Structure formats: C-alpha cells, structure tokens
Amino acid sequence: MPDGLGRGLDAPLFERVVIIGVGLIGSSLARVARRKNLARTIVACDRSAAVRERVVALGLADETYEAPAEAVRGADFVILCVPVGACGGVAEQMKEGLAPGVIVSDVGSVKQSVVNQVAPHLPENALFVPAHPVAGTENSGPDAGFATLFKGRWCILTPPGGSDAATDRVRAFWEGAGSNVEVMTPAHHDLVLAITSHVPHLIAYNIVGTAADLEEVTQSEVIKFSAGGFRDFTRIAASDPTMWRDVFLNNKDAVLEMLGRFSEDLTALQRAIRWGDGDALFNLFTRTRAIRRSIIDVGQETAEPDFGRRKVDEA
Ligand SMILES: NC(=O)C1=CN([C@@H]2O[C@H](COP(=O)(O)OP(=O)(O)OC[C@H]3O[C@@H](n4cnc5c(N)ncnc54)[C@H](O)[C@@H]3O)[C@@H](O)[C@H]2O)C=CC1
Ligand SMILES: O=C(O)C(=O)Cc1ccc(O)cc1
C-alpha cells in the first residue's frame, strides 16, 4: 500500500542516500536514516581517511568513498554535510557522477552562499533543495553524532522555486528524522539565523577571548569561577573553528547588519549603567525574562529548546 509519496509503507524513503562529510551532522543523519528506514543504502563520503576509518568502525554506512563523483553514482539523494565554504568545491567534484533526477541537498548554517556556490555546478535535471537543521552541539566528527539530534528541532528548507515534489521528499526525510520543517527564502533564513545563532556565537567567541586576554585575571581564575554565565559561553566558544569561520565569511552582510544593531543596543546599556538609569536596565531585563519564558513554554509543547544537549545515544 503506497503512502502519500508513492512508496510501500515498509519501503525506505530513498534508495541510495549519499552523505558527503561524515562529521557531527553527517553521522547523525546516517544514524537516524538507518534507525528510521529513510534509506535502503547509506553511502558515506569524506576526504579524511581518519573519518572514513571511524565510519567503518562505527558501522555508519554500507559503502564508504573518498571521491565525491564515485560516491554519488546511482544516488537518488545526496546531502552535503561539509563546512559551508567547502560546498562549491564538493559540488564541482561530484557533478559528473550525478544521475538524472537526483535530489541534492545540504545542511549548511548559511543558505544564500551555499545556493550561489552549488547551483552553478548542478546539471539541469538535478533537483536542489537546500536545508538547515537548526540542531547541533559544540562537538565535531563522526563519534560526536547521535540519532536523536534532530528530534523535535526545526529544519529550514530554502527550495529555489518554493515547494514542489522534491521539496516534499526532503520534508519527509527530515520529518522522518524527527524534525519540524519550515520553508523560507535563503535571504530570510540568513537574516534570522544571523541574530539567533551567528551573532550569539560571535559574542561567545569574543567574551571568552576577552577573558583569556585579561592580565589581572589568570587563566586558572577564569576556569575556577566559570560556574556562572561565562561557563555557557565557553561551551559555545568550543564550537568548530573551521565551521564558524566559514559561517561568518559566508553570511557577512546579515551578520554585520545584526552586529550593528547589537552594538547600538550595547552602547545604550553602557550609557544606562554610567548614568545610573536603573529603570532602563530593569525594563530590558524584564522583557528578556518574558522572552525566555515564552520560549520554554513553546518548547514544552513542541521542541526541547536547550541547544546544549550532549550525545545521548549510540548508532
Ligand atoms: N555543528 C553544528 O552544530 C551544526 C552544523 N551545521 C552545518 O553542518 C555542516 C557540517 O558541520 P559539522 O557536521 O558540525 O562538521 P564536522 O567538522 O563535524 O564534519 C565535517 C566533515 O566534513 C568533512 N569535509 C570537510 N571538507 C570536505 C571536503 N571538501 N570534501 C569532503 N569532506 C569534507 C570533514 O572531514 C568532516 O568529517 C556545516 O555546513 C555546518 O554549518 C548545521 C547545523 C548544526
Ligand atoms: O550548540 C549550539 O548551541 C548550537 O547553536 C548548535 C548549532 C550550531 C549551528 C547551527 O547552524 C545550528 C545549531
């Protein structure tokens, strides 16, 4: 009996899913694809020999390749899970192996730049549905992934022509992985994520760097007294340097726009402290407390909002 996507109820969603870049996100996808029967065959591709060895040792894939063009042969779904700055190069390397009608997607934290890099390399008969799971941790590599990473989290799709049959299949894949799916334009995605994710990471990198540079506060004191808010910043600031370098270089305009607003608001706070304007501080802190509580309320109904999750299960 076929489902809404034309498959038998027990049939996997895709025949041959290729994951290029098997780190935190790629390995989590491999794990959940296996667990939820989203792929008949899982193919892993990574340029790192050490990663490919771990993929084999962890049993994450049915086949493992170094070369993207070999990996993608005969695939009906290819997902780029490499840093955003590497997507164009990988697309160029894989293009000659792509079968007609293949759906190509990615998981990059920035969307417009990935579209600009990848689309020119795809043959006309490939269907491109960019995606961004708004779920992750500060850890990297195939050992850091886990099958429940995407459960109850948002996944944003930015298909070029709005929704179509390929988008429906990618939506089904992410829903199968446990995510809630939303569709928007790449530019809108990049603006929203600049303030909700990219600037917060930049602030964390900056505050940890500032604390580490302070001469009168020794490194050991920073560590010793980091039980407060600073400790949360250190988790974020432990995120992958390559990944985050690429995010900032590839979402430059939106990040600079949001950073400008942030700096203005920070200056207003600085002024309130200097002039003893307690009302200004109290009013802002009251508003932000309400925002946090509304996130938690929504989270309890739908998704667990805590980004600081750790690996909780195995493949
Ligand atoms: N880490 C996170 O919390 C999240 C990351 N993302 C996005 O997911 C993507 C991957 O991030 P992670 O899994 O965290 O990274 P990761 O560092 O854990 O894994 C990346 C993998 O890609 C491989 N790789 C790098 N360049 C390559 C190339 N040119 N060809 C083939 N393989 C290559 C690396 O060897 C590594 O195994 C990034 O685009 C990131 O923006 C999206 C949501 C959350
Ligand atoms: O670990 C955290 O707090 C995160 O914010 C994870 C994360 C990192 C990058 C993304 O594009 C989405 C989620």
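Predicted, not measured: the structure shown is a model, and the values here were computed from it.

Let us now look at the overall build of the protein chain. Regarding its fold elements, the protein chain presents 12 helices and 9 strands. The proportion of buried residues among the 315 residues of the protein chain is 44%. Restricting to contacts in the protein chain with at least 6 residues of sequence separation, those with at least 24 account for 75%. With an accessible surface of roughly 16,500 Å², the protein chain has 55% of that area assigned to carbon and sulfur atoms.

Our next topic: the site of ligand 1. Near ligand 1, the surroundings consist of 26 residues, among which Leu24, Asp46, Val82, Ser109 and Gly141 are the closest. At a separation of 3.5 Å, a nitrogen atom of ligand 1 approaches a polar backbone atom of arginine 47. At 2.7 Å, a backbone N or O of valine 82 approaches an oxygen atom of ligand 1. Relative to its unbound accessible area of 830 Å², ligand 1 is 89% covered by the protein chains. For the shell around ligand 1, the elements supplying multiple residues, two or more each, are helix H1 (24-35) and strand S7 (131-133). Looking at the shell around ligand 1 residue by residue, the classes come out as 14 nonpolar, 10 polar and 2 charged.

Looking at the protein chain, the pLDDT average stands at 91 and 89% of residues meet or exceed 70. Below a pLDDT of 50 lies the segment residues 301-310, which in the model reaches 25 contacts outside its immediate sequence neighbourhood of four places, other chains included. Predicted as a complex, the structure gets a pTM of 0.93 and an ipTM equal to 0.99.

Now for the packing of aromatic side chains. Applying the stated rule across the entire model yields 6 aromatic pairs. Seen in terms of ring centroids, phenylalanine 77 and phenylalanine 173 are 5.1 Å apart; in terms of plane orientation they differ by 80°. Their pairing is edge-to-face. Placement of phenylalanine 77 in strand S4 (residues 77-80) and of phenylalanine 173 in helix H6 (residues 165-176) is noted, with a sequence separation of 96 residues between them. Judged on exposure class, the residue phenylalanine 77 and its partner phenylalanine 173 are both buried. Their ring planes at 85° and their centres at 5.1 Å tell us that phenylalanine 150 and tryptophan 174 sit as a pair that is edge-to-face.

Here the focus is the nonpolar core. Grouped together as the largest cluster of nonpolar side chains are 41 residues, with contacts concentrated most on Leu29, Phe77, Ile79, Phe150, Leu157, Phe173 and Trp174. For this core, the elements supplying multiple residues, two or more each, are strand S1 (14-20), H1, strand S2 (39-45), helix H2 (49-58), S4, strand S8 (154-157) and H6. A per-element tally of this core places H1 first, with 6 residues. Val84, Val115, Ala194 and Val255 belong to the second largest nonpolar core, which has 33 residues in total.

What follows is about H1. Taking 1.5 Å per residue as the helical rise, H1 with its 12 residues ought to reach 16 Å, and the 17 Å between its terminal C-alpha atoms agrees with that figure. Summarising burial for H1: 10 of the 12 residues are buried, a large majority. Listing the buried residues of H1 in full gives Leu24, Ile25, Gly26, Ser27, Ser28, Leu29, Ala30, Arg31, Val32 and Ala33. If you follow the buried residues of H1, they end up packed against S1, S2, H2, S4, S7 and H6. In the stretch just after H1, asparagine 37 is the one whose phi turns positive, near 55°.

Scoring rules and cut-offs
- Residues numbered from 1 in each chain as written.
- Chains lettered and ligands numbered in written order.
- Predicted model: local features only at pLDDT ≥ 70, side-chain atom pairs only at ≥ 80, totals over all residues.
- Heavy atoms only, no water.
- Helix = DSSP H or I, 4+ residues; strand = E, 2+ residues; numbered from the N terminus.
- Buried < 20%, exposed > 50% of the residue type's maximum accessible area, 1.4 Å probe, protein only.
- Contact = heavy atoms within 4.5 Å.
- Areas by Shrake-Rupley, 256 points an atom, 1.4 Å probe, with all protein chains shown as cover.
- Near = heavy atom within 4 Å.
- Polar contact = N/O pair within 3.5 Å; in protein donor to acceptor, adjacent residues only side chain to side chain.
- Nonpolar A, V, L, I, M, F, W, Y, C, P; charged D, E, K, R; others polar.
- pLDDT = per-residue confidence, 0-100.
- Phe/Tyr/Trp six-rings, centres within 6.5 Å; stacked < 30°, edge-to-face > 60°.
- Core = buried A, V, L, I, M, F, W, Y, C linked by side-chain atoms within 4.5 Å.
- Expected span 1.5 Å × (residues − 1).

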